[in-house]
Amino acid sequence: MAQLICGKCDATYQADQPIWRCDCGGSLDLEFKPVIEKKKIASRKPTMWRYREALPIAEDSTAISFDEGFTPLLELEFNGKPVLVKQDHIFQTGSYKDRGAAVLVSKARELGVTEVVEDSSGNAGSAIAAYCALAGIKCHVYVPEKTSPGKLAQIKSYGAHLHLISGSREETSEAALEAAEKIYYASHSWNPYFFQGTKTFAYEVCEQLGWRSPDIVILPVGNGTLLLGASIGFDELKSVGAIDKIPKLIAVQAKACAPLYEMFRNGLNETPSISVYNTVAEGIAIAEPIRGEQIIEAVVKSKGDFLIVTEDEIGKSLMNVCQRGFYIEPTAAATIAGLEKYLLDSSGDELIVTAFTGHGLKSTDKMMKITTG
Ligand SMILES: *Cc1c(COP(=O)(O)O)cnc(C)c1O
Ligand SMILES: [Zn+2]
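Everything quoted here is computed from the prediction, not taken from an experiment.

Draft legend 1. Structural view of the site of ligand 1. The environment of ligand 1 is formed by 15 residues, the closest being Lys 97, Asn 123, Asn 223, Gly 224 and Thr 225. In this structure, an oxygen atom belonging to ligand 1 sits 2.9 Å away from a side-chain N or O atom of Tyr 96. Between ligand 1 and Lys 97 there is a distance of 2.8 Å, counted from an oxygen atom to a side-chain nitrogen or oxygen. A class-by-class count of the residues in the shell around ligand 1 yields 4 nonpolar, 9 polar and 2 charged.

Given below as structure tokens:
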């Protein structure tokens, strides 16, 4: 049977109970052995559930799904070089967070949970709220008051209880943590099952490449839910021999909020306390990432790197992408700004994968500001 293991003290827990954090305060990961049968997978519907035996949900009947995933891996040219871009802005709720929410909420239902709490800068809250609506689970979402109105409307529309917090993103987390003393914490940064969903990013990319690993994967990092999920996915695929190497992970942060970039560059052992400046990349403005050390470890292990991008670069990449017919939100453009920076020094013969992580329609206010300049 699968078990949960603490990243800090190595304590283990049976995975049949609704816990999301170790008694010592450390974060938990699921120890899990996936099964990958390529032929069986190829015969299934094009959704992330085609990797059924790699997802830690016991019964098909408890899976909560909109038939999500298997997003197109589209080739686009940036700086004259071909890049494969996963179209993860076209998920049901408009961001890749659906990957994590699908598995987490399915697990919550399997465990008999009837009420959950989550905190978010918008997209994770929307995703958890939508899957809870589908599952019939009561949902509380805590968000900073300054969150894009489009995301607030979305969370409310799904019928979730929206709690607006008038402080920072960190104060929002504290309020949710307090609520989580009584209610199951469906946190995208704490809860190990969220990462069991985001790992399907790696599965899909490798299958779409004919069961091959890319050379470079460029992803955003705030709490690192996509990057860590991808890292778990590539590791699992390599461990069962489905691919023969793991790609270098390039983590992109906004210069206005780059604690992990600083930690990596300066060889710090702890997340530095930083001052956060205003950034249009609201989705990655995380000053105190819970899994900071784990993120650095994943990047180091892959022989990858951290990059930072300025507000100006984010704005330019956003316009570049939108003027080719893709409508992505400013946070998603930060990753593309990181890609464009990476390409300045790249030889051009690497197989590079990145993602459009969130849809622009949720951020009309910010898009208006940027386009009218
Ligand atoms: C959540 C999110 C990110 C980054 O996520 P982290 O888990 O904080 O690293 C990037 N882009 C979009 C659109 C998001 O919603
Ligand atoms: Zn522990």
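Once you've had a look at it, read on.
Draft legend 2. View of the pattern of salt bridges. This model, assessed by the stated rule, comprises 22 salt bridges. Taking the shortest distance from any N to any O, the salt bridge between Arg 169 and Asp 119 comes out at 2.9 Å. Highlighted residues: Arg 169 in helix α5 (residues 169-179) and Asp 119 in strand β6 (residues 115-119), separated in sequence by 50 residues. For Arg 169, a relative accessible area of 10% corresponds to the buried category. A salt bridge links Lys 366 to Glu 282; the shortest N-O distance between them is 3.1 Å. Here Glu 282 lies in the loop between α9 (259-265) and α10 (292-301) and Lys 366 lies in helix α13 (residues 364-372), a separation of 84 residues in the sequence. Under the relative-accessibility criterion, Lys 366 is labelled buried at 15%. Judged by relative accessible area, Glu 282 falls into the buried class, the value being 13%. Because the salt bridges share partners, they merge into one network encompassing Glu 37, Lys 40, Arg 44 and Glu 53.

Draft legend 3. Just the packing of aromatic side chains, in detail. Under the criterion given, the structure shown has 7 aromatic pairs. Centroid distance Trp 20 to Tyr 185: 4.8 Å. Interplanar angle 85°. Geometry classified as edge-to-face. With a gap of 165 residues between them, Trp 20 in the loop between β2 (12-14) and β3 (28-31) and Tyr 185 in strand β9 (residues 184-185) connect regions that are remote in the sequence. Residue Trp 20 shares its accessibility class with Tyr 185, and that shared class is buried. Ring centres of Phe 194 and Phe 195 lie 6.4 Å apart, and the angle between their planes is 75°; on these two criteria the pair is classed as edge-to-face. There is no split in this pair, since Phe 194 and Phe 195 are both buried. An aromatic cluster of at least three residues, connected via ring pairs, comprises Trp 20, Tyr 185 and Trp 190. Taking NZ or CZ as reference, Arg 21 lies 5.3 Å from the ring centre of Trp 190, over its face.

Draft legend 4. Spatial organisation of the sheet that holds strand β8 (residues 161-165). Read from one edge of the open sheet, 4 strands run β8-β7-β6-β9, paired in parallel fashion. Each having just a single partner strand, β8 and β9 make up the two edges of the open sheet. Inspection of the sheet shows β6 paired to strand β7 (residues 138-144) by 5 bridges, in the parallel sense. Bridge assignment links Val 116 to a residue of β7, and that residue is Cys 139. Its contacts with the sheet place helix α4 (residues 149-157) against β7 and β8, and it is angled at close to 150° to β8.

Draft legend 5. Seen up close, the pairing of β8. Sheet analysis places β7 next to β8, joined by 5 bridges and oriented parallel. For Tyr 142, the partnering residue across the bridge sits in β8 and is His 163. What joins β7 to β8 is α4, and the crossover it makes is right-handed.

Draft legend 6. Here's a closer look at the domain arrangement of the chain. The domain architecture assigned to the chain consists of domain 1 (1-31), domain 2 (73-96 + 195-371) and domain 3 (97-193). A separation of 22 Å is found between the C-alpha centroids of domain 2 and domain 3. At the interface, 29 residues of domain 2 touch 26 residues of domain 3. Among the residues domain 2 hides against domain 3, the three largest losses belong to Thr 93, Ile 290 and Lys 362. Together they make up 25% of the total. For the interface between domain 2 and domain 3, the tally reads 4 salt bridges. The salt bridge partner of Glu 204 is Arg 99, with a shortest N-O separation of 2.8 Å.

Draft legend 7. Main features of the nonpolar core. In this structure, Val 116, Ile 128, Tyr 184, Phe 201 and Leu 227 are the most contacted members of the largest nonpolar core, which totals 90 residues. No other element matches helix α3 (residues 123-135), which puts 7 residues into this core. Leave out the neighbours within four places in its chain, and Ile 128 touches Ala 101, Leu 104, Val 105, Val 116, Glu 118, Cys 139 and Ala 186. With 30 residues, the next largest nonpolar core counts Val 85, Val 309, Ile 314 and Ile 328 among its residues.

Draft legend 8. Local environment of helix α8 (residues 225-239). Here α8 contains 15 residues, and its C-alpha end-to-end distance of 21 Å stays within 8% of the 21 Å for a straight helix at 1.5 Å per residue. Along α8, 11 of the 15 residues are buried, which leaves the element largely enclosed by surrounding structure. Turning to α8, its buried residues number three or more, namely Thr 225, Leu 226, Leu 227, Leu 228, Gly 229, Ala 230, Ser 231, Gly 233, Phe 234, Glu 236 and Leu 237. In this fold, the buried residues of α8 make contact with α2 (97-110), α6 (192-198), α7 (200-208), β10 (216-220), β11 (248-254) and α10. Once α8 ends, the next one or two residues include Gly 241, with phi positive near 80°.

Draft legend 9. Just the pairing of strand β1 (residues 3-6), in detail. Residues of β1 alternate between two faces, with Leu 4 and Cys 6 buried on one and Gln 3 and Ile 5 left unburied on the opposite face. Note: β1 against β2, 3 bridges, orientation antiparallel. Across the sheet, Ile 5 pairs through a bridge with Thr 12, a residue of β2. Here β1 hands over to β2 after 5 residues, with Asp 10 in that stretch at a positive phi of 65°.

So, how was this worked out
Sequence order sets the numbering: in each chain, residues are counted from 1 along the sequence as written. A letter from A marks each chain and a number from 1 marks each ligand, given out in the order of writing. In keeping with the predicted nature of the model, local features appear solely for residues at pLDDT of at least 70, side-chain atom pairs appear and are counted solely at 80 or more, and the whole-chain, interface and lining totals rest on all residues. Hydrogens are left out, water is left out, and the side-chain values use all remaining heavy atoms of the structure. Consider each residue's heavy atoms; a residue with any of them within 4 Å of a molecule or strand counts as near. Any N or O atom pair separated by 3.5 Å or less is treated as a polar contact, with the protein-specific requirement of one donor-capable and one acceptor-capable atom, and with residues adjacent in sequence counted only for side-chain atom pairs. Here the nonpolar group is Ala, Val, Leu, Ile, Met, Phe, Trp, Tyr, Cys and Pro; Asp, Glu, Lys and Arg are the charged ones; every other residue, Gly included, is treated as polar. The term salt bridge refers to a pairing of a side-chain nitrogen on Lys or Arg with a carboxyl oxygen on Asp or Glu at a separation within 4 Å. Secondary structure counts use DSSP, requiring at least four H or I residues in a row for a helix and at least two E residues in a row for a strand, with both numbered from the N terminus. Any residue under 20% of the maximum accessible area for its type is buried, any over 50% is exposed, and the rest in between are partly exposed; the area is computed with a 1.4 Å probe on protein chains only. Only centres within 6.5 Å qualify two rings of Phe, Tyr or Trp (six-membered ring in Trp) as a pair; their planes then separate them into stacked at under 30 degrees, edge-to-face at over 60, and tilted for everything else. Lysine and arginine charges are scored as sitting over a ring when NZ or CZ, respectively, is within 6 Å of the ring centre and within 35 degrees of the ring normal. Think of it this way: DSSP has to see at least two bridges between two strands before they count as a pair. Here a residue-residue contact requires only that any non-hydrogen atoms of the pair lie within 4.5 Å. Whenever a helix is involved, its axis is fitted only over the stretch in contact; in every case the axis is a line through C-alpha atoms, and angles between N-to-C directions fall within 0 to 180 degrees. Note on handedness: a clockwise path from strand one over the helix to strand two, with the strands aimed away from the viewer, defines a right-handed crossover. Start and end points for every domain follow an automatic or database-based domain assignment. Take the accessible area each of two parts loses on contact, using a 1.4 Å probe, and add the two losses: that sum is the buried area. Definition used in this section: a nonpolar core is a set of buried Ala, Val, Leu, Ile, Met, Phe, Trp, Tyr and Cys residues joined via side-chain atoms within 4.5 Å. What a helix should span is 1.5 Å times the count of its residues minus one.

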